[in-house]
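Inside the fold
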Amino acid sequence: MDSGTESASADAWDGEIETEIGHDEYDPYGTLTLIGIYFVIIALLWVFMYFVEFLGEGPTVM
Amino acid sequence: MEIHRYETIWFAASLLLIVGFIGTITYGAVGVGVEMVDDSGGTVDPDNLGSHERFGDTGVHKVNESHYEVNMIAVHPSFIPSEIEIPAGSTVTFYMTASDVTHGFKLVDSNLNTMIIPGQVSEITAEFDEPGEYGFVCHEYCGSLHHEMAGNLSVVPEDEWGGVDS
Ligand SMILES: [Cu+2]
């Protein structure tokens, strides 16, 4: 168990750098897409909760 | 410090979301006129509700053609009154207080929701445009029969309304 973990981390850190990219070349568009989807869901849920569930609920405190 | 362009996008989007949250709530308050329950009802002596001008006379009372008042006392495990009837198309102000412990009031299928606290008058006003039946429940645990503490508000067509409580 211990040795396995050690060799895995050693592999990860001791390897040669294959490609070096600059700050702005890092382009995690998959993560961006996923977070974008979460964002749209949250925004739509807010609209649903406030306008449909709250304001559409009938008599309200005036 | 270098900020990645994706992070810039994220900062902008999350700020926009917060502005959107504040904007919708401002619209609700200013445009629709939704109010919060506050302490405008004032205070009352919970040990002498019987001789109080409002709570000595519970039930539905008429202010004018379209405005009614409901004076209500919460006392474990009942609302007094627990059966309320009002005409459709009216504005109703509820004045509620408790004589024993803290209770709650939630009119189901509406946004009417408040605590009822001994010594404090909870005042909430709402408009009931359409006929319908609304249940209400106590939602603050108040004792062994808390689960039985409930009542019913009937909004009836104007010509079927039975009148104010004597
Ligand atoms: Cu109660």
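Coordinates for the structure precede this section.
Residues numbered from 1 in each chain as written. Chains lettered and ligands numbered in written order. Predicted model: local features only at pLDDT ≥ 70, side-chain atom pairs only at ≥ 80, totals over all residues. Heavy atoms only, no water.

**Some details on the interface of chain A and chain B**
- Each partner contributes residues to the interface: chain A has 22 residues there, and chain B has 30 residues.
- Carbon and sulfur atoms make up 67% of the surface buried where chain A meets chain B, a total of about 2,500 Å² over both sides.
- Its largest share of buried area at the contact with chain B, chain A owes to Pro59, Val61 and Met62 of chain A, together 31% of the area lost on that side.
- The interface formed by chain A and chain B includes one salt bridge.
- In this structure, aspartate 27 of chain A and arginine 5 of chain B form a salt bridge, with 3.4 Å as the shortest nitrogen-oxygen distance.
- Grouping the amino acids of the side of chain A that touches chain B by side-chain chemistry returns 16 nonpolar, three polar and three charged. (Contact = heavy atoms within 4.5 Å. Buried area = accessible area lost by both parts, 1.4 Å probe. Salt bridge = Lys/Arg side-chain N within 4 Å of Asp/Glu carboxyl O. Nonpolar A, V, L, I, M, F, W, Y, C, P; charged D, E, K, R; others polar.)

**Description of the coordination of the copper ion**
Residues and elements named next belong to chain B.
- Coordination sphere of the copper ion, protein contribution only: His103 (ND1), Cys138 (SG), Cys142 (SG) and Met149 (SD), at 2.0 to 2.4 Å.
- Metal-centred angles of 95 to 123 degrees between the four donor atoms at the copper ion mark the site as tetrahedral.
- Summarised as a motif, the one-chain spacing of the donors to the copper ion is H-x34-C-x3-C-x6-M. With histidine 103 in strand S6 (residues 103–107) and methionine 149 in the loop between strand S9 (132–137) and strand S10 (150–156), this residue pair connects regions lying 46 residues apart in the sequence. (Donors = N, O, S within 2.8 Å, 3.2 Å for Na, K, Ca; no water. Tetrahedral: all angles 85-135°; square planar, octahedral: opposite > 155°, others 65-115°. Helix = DSSP H or I, 4+ residues; strand = E, 2+ residues; numbered from the N terminus.)

**Here's the deal with a nonpolar patch on the surface**
- A cluster of nonpolar residues, Leu34, Ile35, Ile37, Tyr38, Ile41 and Leu45 of chain A together with Met1, Ile3, Trp10 and Phe11 of chain B, forms a patch on the protein surface that exposes about 1,100 Å² of accessible area.
- Elements with a minimum of two residues in the nonpolar patch: helix H2 (29–54) of chain A together with helix H1 (5–32) of chain B.
- Among the elements that line the nonpolar patch, the one with the most residues is H2 of chain A, at six residues.
- As for its position among the elements, tryptophan 10 of chain B is in helix H1. (Patch = residues over 30% accessible without salt bridge, like charges linked within 9 Å, V, L, I, M, F, W, Y side chains within 5 Å. Areas by Shrake-Rupley, 256 points an atom, 1.4 Å probe, with all protein chains shown as cover.)

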